[in-house]
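Summary of the model geometry
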Amino acid sequence: MSAQSRAYAVHLLTASGAVFAMLAMLAAVRAEWSMMFLWLVVAFAVDGVDGPLARHFDVRANAPQIDGVLLDLIVDYLTYVFIPAYALFASGLLPGWTGWAVIIIITFASALYFADTRMKTADKSFSGFPACWNMVALVIFALQPTFWMTLGIVVVLAAAMFTRLKFIHPVRTARWRAVTLPVALIWTVCAGWTAWIDFRPAPVADLGLVLTSLYLCLAGIVQEALPRRPDQRG
């Protein structure tokens, strides 16, 4: 296979996320929440591997006719923002005006965030909460907090999108990557397990989701508080 063919194959892999998004949306409109999240977990896994593959096969040089960054953002908005927001609205977890507030806040704020040219930091982390509403929504479905707590979480994270707080990228942030990659994998396994059992109580999976989510949310902030010395690696 030529370098050009491999590069285009990576674009096809990224575009497959749109198919998984449609499958997730079809499940969502039937209120099949576990199936919806399973498709979103598949899309999340694809999103985790297509970036390293794109850099490895140098898609910008070998398949420049397709803008891989733009393609990735389109798919990410569907799977990270649009469908999770619909799920929070349509599931009944946020009754009345709270559901409307959440769906408006998430979709509006995330559209602005995705277009922000300051989204990435020098070390390939995110500046501000990176609109990972798929992860937030899955944890909410699993833990079933009160609707006031859910509303508070959404408001705080939406506001955090427009701060300079640092949030690590599970793959691209080099510092602590040896810890971050296994944590992200554990989160994915726990998420898939929780969705597979239709969000029935599962103490091990729920604890895993909580601990890994806290790490992924706070690690970047801790890194900023503990700046690395020039002689340190990882």
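The residue numbering used here restarts from 1 in each chain and proceeds along that chain's sequence as written. Note on the predicted model: pLDDT of at least 70 is required for a residue's local features to be given, and 80 or more for side-chain atom pairs to be given and counted; whole-chain, interface and lining totals, by contrast, use all residues. Note: side-chain values were computed over all heavy atoms of the structure, leaving out hydrogens and water.

**Remarks on a nonpolar patch on the surface**
- Each patch is built from residues that are more than 30% exposed by relative accessible area and take part in no salt bridge. Like charges join if they lie within 9 Å; nonpolar side chains (Val, Leu, Ile, Met, Phe, Trp, Tyr) join within 5 Å. Computed with a 1.4 Å probe, the accessible areas rest on the Shrake-Rupley method; for each residue, only the protein chains presented here act as cover. By salt bridge we mean one thing: a side-chain nitrogen of Lys or Arg within 4 Å of a carboxyl oxygen of Asp or Glu. Where nonpolar side chains cluster on the molecular surface, the patch consists of Leu207, Leu211, Leu214, Leu218, Val222 and Leu226 and spans about 540 Å² of accessible area.
- Along the chain, Leu214 turns up in helix H9 (residues 203–225).
- Each residue is placed in one exposure class: buried if its accessible area under a 1.4 Å probe, protein chains only, is under 20% of its type's maximum, exposed if it is over 50%, and partly exposed if it falls in between. Classification of Leu214 as partly exposed rests on a relative accessible area of 46%. Helix and strand assignments come from DSSP, with helices taken as H or I runs of at least 4 residues and strands as E runs of at least 2, each series counted from the N terminus.

**Describing the packing of helix H1 (residues 3–29) against helix H2 (residues 33–56)**
- Lines fitted to C-alpha atoms define the axes, with helix axes restricted to the stretch in contact, and inter-axis angles between N-to-C directions lie between 0 and 180 degrees. Running from N to C, H1 and H2 cross one another at 170 degrees; their axes reach a closest spacing of 8 Å. With respect to H2, the axis of H1 lies roughly antiparallel. Only Trp33, Met35, Met36, Trp39, Leu40, Val42, Ala43, Val46, Val49, Asp50, Leu53 and Ala54 of H2 make contact with H1, whose side of the interface consists of Val10, Leu13, Thr14, Ser16, Phe20, Leu23, Ala24, Ala27 and Ala28.
- Three categories are distinguished: nonpolar for Ala, Val, Leu, Ile, Met, Phe, Trp, Tyr, Cys and Pro, charged for Asp, Glu, Lys and Arg, and polar for the others, with Gly belonging to the last. In the contact of H1 with H2, the residues fall into 18 nonpolar, two polar and one charged. For classification purposes, an angle smaller than 35 degrees is called roughly parallel, one larger than 145 roughly antiparallel, one from 65 to 115 roughly perpendicular, and anything else oblique. What makes two residues a contact is simply this: any of their non-hydrogen atoms within 4.5 Å.

**A short note on the state of the cysteines**
- Our working definition of a disulfide is a cysteine sulfur pair at a distance within 2.5 Å. For the structure shown, the criterion picks out zero disulfides.
- The cysteine Cys190 is free of any disulfide, with Cys217 supplying the nearest cysteine sulfur at 15 Å.
- The buried category is assigned to Cys190, whose relative accessible area is 8%.

**Observations regarding the environment of Ser125**
- Residue placement: Ser125 occurs in the loop between helix H5 (97–114) and strand S1 (126–127).
- Of the residues examined, Ser125 reaches a relative accessible area of 0% and is grouped as buried.
- Sequence separation between Ser125 and Arg175 is 50 residues, and the spatial gap between their C-alpha atoms is 9.8 Å.
- Other than its neighbours up to four places away in sequence, Ser125 contacts Met119, Lys120, Lys166, Phe167, Ile168, His169 and Thr173.
- For the purposes of these results, a polar contact is taken to be a pair of N or O atoms within 3.5 Å, where, inside protein, one atom must be able to donate a hydrogen and its partner to accept one; residues adjacent in sequence count only when each atom of the pair is a side-chain atom. Of note is the side chain of Ser125, whose polar atom sits 2.8 Å from the side chain of Thr173.

**Quick look at the nonpolar core**
- Definition used in this section: a nonpolar core is a set of buried Ala, Val, Leu, Ile, Met, Phe, Trp, Tyr and Cys residues joined via side-chain atoms within 4.5 Å. Counting 59 residues, the largest nonpolar core has Met36, Phe37, Phe129 and Trp133 as the members making the most contacts within it.
- At the level of secondary structure, the elements contributing two or more residues to this core comprise H1, H2, helix H4 (68–90), H5, helix H6 (133–143), helix H7 (147–160), helix H8 (177–196) and H9.
- Top element by residues in this core is H6. It accounts for nine residues.
- Apart from the residues within four sequence positions on either side, Phe129 is in contact with Tyr113, Val136, Leu157, Ala160, Met161 and Phe167.

**Quick notes on H6**
- Summarising burial for H6: ten of the eleven residues are buried, a large majority.
- Listed as buried for H6 are Trp133, Asn134, Met135, Val136, Ala137, Leu138, Val139, Ile140, Phe141 and Ala142.
- Among the structural elements, H2, H4, H5, H7, H8 and H9 are those in contact with the buried residues of H6.
- Where H6 terminates, the next one or two residues include Gln144, which has phi positive at roughly 55 degrees.

**As for the confidence of the model for the chain**
- The pLDDT averaged across the chain works out to 92; a share of 97% of its residues lies at or above 70.
- Across the chain, the secondary-structure element scoring lowest on mean pLDDT is helix H3 (residues 59–62), at 89, and the one scoring highest is strand S2 (residues 166–167), at 96. What pLDDT expresses is the predictor's confidence in each residue, scored from 0 to 100.

**What to know about unusual backbone geometry**
- In this model, Ala131 sits at a positive phi of 55 degrees, which is unusual for a non-glycine residue.
- Tracing the backbone shows Ala131 in the loop between S1 and H6.
- The exposure class assigned to Ala131 is buried, which follows from its relative accessible area of 0%.
- Look at Phe199: it is not a glycine, yet its phi comes out positive at around 60 degrees.
- Mapped onto the secondary structure, Phe199 falls in the loop between H8 and H9.
- Look at Phe199 and you get buried, because its relative accessible area is 15%.

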